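Now for the letters of each chain:
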Amino acid sequence: LIQRVRYALSLWLDNLDLSAFSRGVIRALVVADRSGLSAETRRTFRETGTSHLMAVSGLHIGLIAGMGFVIVRLLWQFIPPLCNRVPARIAATLVGLACALVYALLAGMQLPTQRALIMLSVYAAAFLLRRRAGAWNALALAAVAVLFWHPPSVLEAGFWLSFGAVAVITATLQGVRGRPRWRQAVSVQLNITLALWPVLALFDMSMSALAPLVNLVLVPVFGVLVVPVSLAGTALGMV
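Residues numbered from 1 in each chain as written. Predicted model: local features only at pLDDT ≥ 70, side-chain atom pairs only at ≥ 80, totals over all residues. Heavy atoms only, no water.

### Considerations on the environment of F159
Keep this limit in mind: Secondary structure follows DSSP: runs of H or I at least 4 residues long count as helices, runs of E at least 2 residues long count as strands, and numbering of each begins at the N terminus. Residue contacts are defined here by distance: any two heavy atoms, one from each residue, within 4.5 Å place the two residues in contact.
Within the secondary structure layout, F159 lies in helix 9 (residues 157-175). For the pair F159 and A143, spaced 16 residues apart in sequence, the C-alpha separation works out to 8.7 Å. With residues near it in sequence (within four places) discarded, F159 still touches R115, A143, V146, L147, S153 and V154.

### What about the side chain of H60?
Following the sequence through the fold, H60 ends up in helix 4 (residues 58-76). Apart from residues no more than four positions distant in its own chain, H60 is found in contact with L29, H52, L53, A55, Y103 and V227.

### So, helix 1 (residues 2-14)
Counting along an α-helix, one turn takes 3.6 residues, and residues three or four places apart therefore face a common direction. The cut-off we apply is this: Multiplying 1.5 Å by the residue count of a helix minus one yields the expected span of that helix. Think of it in three bands: residues with accessible area under 20% of the maximum for their type are buried, residues over 50% are exposed, and the middle band is partly exposed, with areas taken using a 1.4 Å probe on protein chains only. This arc is taken over the directions from the axis of the helix to the C-beta atoms.
The end-to-end C-alpha distance of helix 1, which contains 13 residues, comes to 18 Å, matching closely the 18 Å that a straight helix rising 1.5 Å per residue would cover. Regarding helix 1, the residues found buried are R6, L9, S10 and L13. The buried residues of helix 1 all sit within an arc of 100° when viewed along its axis, so they share a single face. Facing away from the buried surface of helix 1 by more than 90 degrees, the exposed residues are R4 and Y7.

### Points about the packing of aromatic side chains
Definition in use: Stacked, tilted and edge-to-face pairs are distinguished by plane angle, under 30 degrees for stacked and over 60 for edge-to-face with tilted covering the rest, among Phe, Tyr and Trp rings (Trp via its six-membered ring) whose centres lie within 6.5 Å. Whether a charge sits over a ring depends on NZ of Lys or CZ of Arg being within 6 Å of the ring centre and within 35 degrees of the ring normal.
A complete count under the given rule lists 3 aromatic pairs for this structure. On the numbers, 5.3 Å between centres and 90° between planes, the contact of F159 with W160 is edge-to-face. For F159, a relative accessible area of 5% translates into the label buried. In this structure W160 comes out as partly exposed when scored by relative accessible area, which is 41%. Each residue in the set F159, W160 and F163 is aromatic and connected to the rest through ring pairs, giving one cluster. Just above the ring of F127 sits the side chain of R89; from NZ or CZ to the centre is 5.8 Å.

Here you go:
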């Protein structure tokens, strides 16, 4: 059933009155089908170190879960009968996880999306149970859960890049707390680039010198605009 839905979405997206580039990007973001991206487009993303934006992974799953959480938490507090029955914190967390699950299913539930769901579930469980274990303990528990689910992950670049990126973000934000947001963003992007460069080299993956600057611009653009609008537009269009 999931594959039939994904196939129907791909066909529908192919018939949109958009440029070939736009259709290819939307298909890659909605159903994780990158076959619509031209060789030139793939090369451009690869040379600028932004290929990860076209692969549905932890970044995309986390963004959708976070948006679902924030929207539900904001709306829930304006409905007193619901607040009296279920706290906004619990409802928002469950809806955020549900949004992440639906997106992961649309993306084919591939290993990167499974890994992202496991990581999100661990953090959500700690949040719901009000366990003040700290970000590092939660990250370690998520790594153990991922390896329990799929032990060969330890041999894959995606495992080290995903957990390495989260670890770098956590450490950087703890170190630059209180500084202006733009300085925090720049510090995070530079530290991620430097920290993950050895991992990319170890797995024989290319890294562009322009990647920090380009990602500093495109990650927020994709996170705030391109991914949400692509998913919302697809949902409304299908209706």
